[in-house]
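# Coordinates in review
Spelled out, the chains give:
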Amino acid sequence: MSQPGGPDVRDQWNSRFSAQEYVYGTKPNDFLAESASSLPPAPARVLSLGEGEGRNAVFLATLGHRVTAVDASEVGLGKAEKLAAERGVSLKTVVSDLADFTLTPDTWDVVVSIFCHLPMPLRRQVHRAVVASLRPGGMVVLEGYTPAQLALRTGGPPKREWLYTAEELREDFQGLDFLVLRELERDVVEGKLHTGRGAVVQVLARKPTR
Ligand SMILES: C[S@@+](CC[C@H](N)C(=O)[O-])C[C@H]1O[C@@H](n2cnc3c(N)ncnc32)[C@H](O)[C@@H]1O
């Protein structure tokens, strides 16, 4: 990954996603699958940030949610649409760098961010906008790699500034109630680019209803 807001992110991800296979697989992320029963009931308005090839958006759509997937890579989102068609569900896809994407306030019931690693200050800017964009009772589901992942080398960005800690995310998502906020090691088997012991941070948080 390189600088957000420019052609580099898009080109790098387009190149990774040009493989015929789904490089993160077609099954949903484990933490998202575990959290699905805690989310607002379907049909909820769901936004998935950095959705890539669609495994998580398609999973949520099969549960009856109305899912919008945003990503800088049109190649990834093309595969997401193909996967959705194969599974008989529909998605709205938006090709955009998150630096340019407007998170409209008071709009979403759920915002999903799975291994969507953004550097500062974009990370803080997007996460603060996520809080504002949630409706009362709306929820964030996030999993990302922590700096401890640098030693494990089983996927994720190779630079500290792209990795997330629980403390950083607590500050980013200030104003939400945290149901889950933890760093842990787990076996991640999610496609060829994420396979092995992983050092992750997980967030499940809800916007207060008043
Ligand atoms: C590690 S992949 C994860 C994909 C997907 N969330 C999953 O778990 O299968 C990171 C994704 O974030 C997207 N991404 C990274 N930086 C981005 C940015 N600045 N704006 C939009 N998308 C971005 C990439 O295109 C890629 O699809």
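Calculation rules
- Residues numbered from 1 in each chain as written.
- Predicted model: local features only at pLDDT ≥ 70, side-chain atom pairs only at ≥ 80, totals over all residues.
- Heavy atoms only, no water.
- Near = heavy atom within 4 Å.
- Polar contact = N/O pair within 3.5 Å; in protein donor to acceptor, adjacent residues only side chain to side chain.
- Areas by Shrake-Rupley, 256 points an atom, 1.4 Å probe, with all protein chains shown as cover.
- Helix = DSSP H or I, 4+ residues; strand = E, 2+ residues; numbered from the N terminus.
- Nonpolar A, V, L, I, M, F, W, Y, C, P; charged D, E, K, R; others polar.
- Pairing = 2+ DSSP bridges.
- Axes fitted to C-alpha atoms, helices over the stretch in contact; angles between N-to-C directions.
- Contact = heavy atoms within 4.5 Å.
- Salt bridge = Lys/Arg side-chain N within 4 Å of Asp/Glu carboxyl O.
- Buried < 20%, exposed > 50% of the residue type's maximum accessible area, 1.4 Å probe, protein only.

## Notes on the site of the ligand
Around the ligand, a shell composed of 18 residues is seen, among which G50, R55, D71, L98 and I114 lie nearest. In this structure, D97 approaches the ligand through a side-chain N or O atom, which is 3.1 Å from a nitrogen atom. Within the backbone of I114, one N or O atom sits 2.8 Å away from a nitrogen atom of the ligand. Summarising the interface, the protein chains cover 98% of the accessible area of the ligand, which totals 590 Å² for the free molecule. In terms of residues, the shell around the ligand owes the most to one element, helix α1 (residues 7-17), which gives three residues. Here the residues of the shell around the ligand are counted per class, giving ten nonpolar, four polar and four charged.

## Here we look at the sheet that holds strand β6 (residues 177-189)
Pairing within the open sheet is mixed, and its seven strands lie in the order β3-β2-β1-β4-β5-β7-β6. Here the strands that pair on one side only, and so sit at the sheet edges, are β3 (92-95) and β6. Taken pair by pair, the neighbouring strands of this sheet meet at an average axis angle of 15 degrees, ignoring direction. Pairing analysis gives twelve bridges linking β6 to strand β7 (residues 195-206), with the strands arranged antiparallel. Its bridge partner being in β7, E185 is matched across the sheet by A199. Against the sheet, helix α4 (residues 74-87) makes contact with β2 (66-71) and β3, and its axis sits at roughly 170 degrees relative to β3, the strand it touches most.

## Quick notes on the pattern of salt bridges
The full count for this structure, using the stated rule, is 17 salt bridges. E53 is paired through a salt bridge with K79; the nearest N and O atoms lie 2.8 Å apart. Residue E53 is found in the loop between β1 (45-49) and α3 (55-62), and its partner K79 is found in helix α4; the two are separated by 26 residues along the sequence. For R135, the salt bridge is made with D109, and the minimal N-O distance between the two is 3.0 Å. Taken as a pair, R135 in strand β5 (residues 134-145) and D109 in strand β4 (residues 108-114) lie far apart in primary sequence, 26 residues in all. Classification of D109 as buried rests on a relative accessible area of 13%. One connected set of salt bridges, linked through shared partners, spans R123, R124, R160, E168, E171 and D172.

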